[in-house]
Amino acid sequence: MGKKGLKKKKMRKRYPKTLIIVLAVMFSIIISGTVYYLSVVSSPQSSQNKPTVLKAIIIDGLSEDAPNPKLISEMRRILESAGYTVTIFNGSNVNIELFKKLPTTSSSLIIMRLHGGRIQQPIGLFIGSGIFAEPFDENKYKYEYLSGYFLKGVAYIGGKEYFVITPHYVSEKFEGKFPNSIVVVLSCYSMWDQVLASAFIEKGASAFIGIDHKADINYLDKVGLELVKLLSQKIDVEEAVSRVLEDIGPDPTTGAKILSYTKK
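What you see is a predicted model; the values in this text were computed from it and never measured. (Residues numbered from 1 in each chain as written. Predicted model: local features only at pLDDT ≥ 70, side-chain atom pairs only at ≥ 80, totals over all residues. Heavy atoms only, no water.)

On to the sheet that holds strand S10 (residues 258–262), then. Sheet strands associate in pairs through backbone hydrogen bonding, adopting either a parallel or an antiparallel arrangement. Spatially, the six strands line up as an open sheet ordered S2-S1-S3-S8-S9-S10, and their pairing is mixed. Two strands bound the open sheet, and with one partner strand each, they are strand S2 (84–90) and S10. Taken over all neighbouring pairs, the strand axes of this sheet differ in orientation by 15° on average, direction set aside. Bridging between strand S1 (residues 54–60) and strand S3 (residues 109–113) involves five bridges; their strand directions are parallel. When the bridges of S3 are listed, Asp-60 appears paired with Arg-113. The strands that helix H2 (residues 69–81) touches are S1, S2, S3 and strand S8 (182–186); relative to S2, the one it contacts most, it runs at about 160°. (Pairing = 2+ DSSP bridges. Helix = DSSP H or I, 4+ residues; strand = E, 2+ residues; numbered from the N terminus. Axes fitted to C-alpha atoms, helices over the stretch in contact; angles between N-to-C directions. Contact = heavy atoms within 4.5 Å.)

So this is what it looks like as C-alpha cells:
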C-alpha cells in the first residue's frame, strides 16, 4: 500500500486578546493625536490668532463734586463703538484700593477725571503732583500717611480733604505692571512736571497725558472728550495731544494746557 499524502495544516498565529486590545487603543490614540495636532496647527481660531481684547477704564472721581454724567456716557459710547470693553468707577468705588490694583486690570486705556494738585516739598518748592484718591479719614492708612506715601490735600471744588497718592507710592506700591497702557489724568497739575508721569511709565505705562496747571472743569471735560475720540481711533498719543491743542487750545481762563509724556 502506498503512503497517503499527509497535508500540513497551516497554523495561524494567534495573539492574546489583551495584546489586540492594547494595540487597538494605541492606534486610536495615535490617530486622535494626529487629528488634534492638525486641527490646532491649521485652525484659524488658534490662540495666536485670537484678537486682543481692548479694555478701558474710566475713573470719575468728580462724580459727586462736579458731576457730568453725559460726558461719561459719551466717552463710554465712543470707546465701545471702537471695540473697547469699558468699566466705569465713581462715587465710593473710587478709592485707594482701586488705584493700587490698576496695573492688574490689563487695561490698554485708563482715563481719570479727578481733583488734583502740586506737592509742596519741605524746602518750599513744588515738585511732583498727586492723585486725589479718596476722602481723608485720620483713622485709615496711618502707616502710608505717616511714611509720606499719602498726603492730605484740599480740593479746589468743594473744599473736601482727600488722601493724595504720591508718585513714589505709584512706583513702589502699585501692584503688578501696566501692559503698555495709555494713562490720561484729567486733573489740575497732573503734568506740572514729569514726576507723576515718570512713575506711571516706570510701572509699565506707554504714555501719560495730563494738565500742566490749574484748569477749569469745563476745559478738562472738553479736552478729555476730544482725547477719547482721537485715542479710540488709534491715533498716536503725541499726535492726539497736538490736535487737541490745535483745535481747542489752552484753558481760556487759566492758560493751562494738556501735555504728554511717553516711554523712551
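Gaps left between atoms are located by rolling a probe of water-molecule size over the structure's atoms. By volume, the largest pocket amounts to about 220 Å³. In terms of lining, the largest pocket is formed by 14 residues, of which the most central are Gly-117, Arg-118, Ile-119, Phe-132 and Gly-153. For the lining of the largest pocket, the secondary-structure elements that each account for two or more residues are strand S4 (116–120), strand S5 (126–135) and strand S6 (150–154). With five residues, the single largest contributor to the lining of the largest pocket is S4. Counted by class, the lining of the largest pocket contains eight nonpolar, four polar and two charged residues. (1 Å grid on protein atoms, 1.4 Å probe; cavity = no way out; pocket = protein on both sides within 12 Å on 5 of 7 lines; lining within 4 Å. Points joined across faces, edges and corners; volume = space filled by probe spheres on them. Nonpolar A, V, L, I, M, F, W, Y, C, P; charged D, E, K, R; others polar.)

On to the environment of Asp-193. Along the polypeptide, Asp-193 turns up in the loop between S8 and helix H6 (195–202). In this structure, the C-alpha to C-alpha distance between Asp-193 and Gly-128, residues 65 residues apart in sequence, is 6.1 Å. Those residues within four positions of Asp-193 in sequence are excluded, and the remaining contacts are Ile-127, Gly-128 and Ser-129. A polar contact of 2.7 Å, which involves the side chain of Asp-193, links it to the backbone nitrogen of Gly-128. (Polar contact = N/O pair within 3.5 Å; in protein donor to acceptor, adjacent residues only side chain to side chain.)

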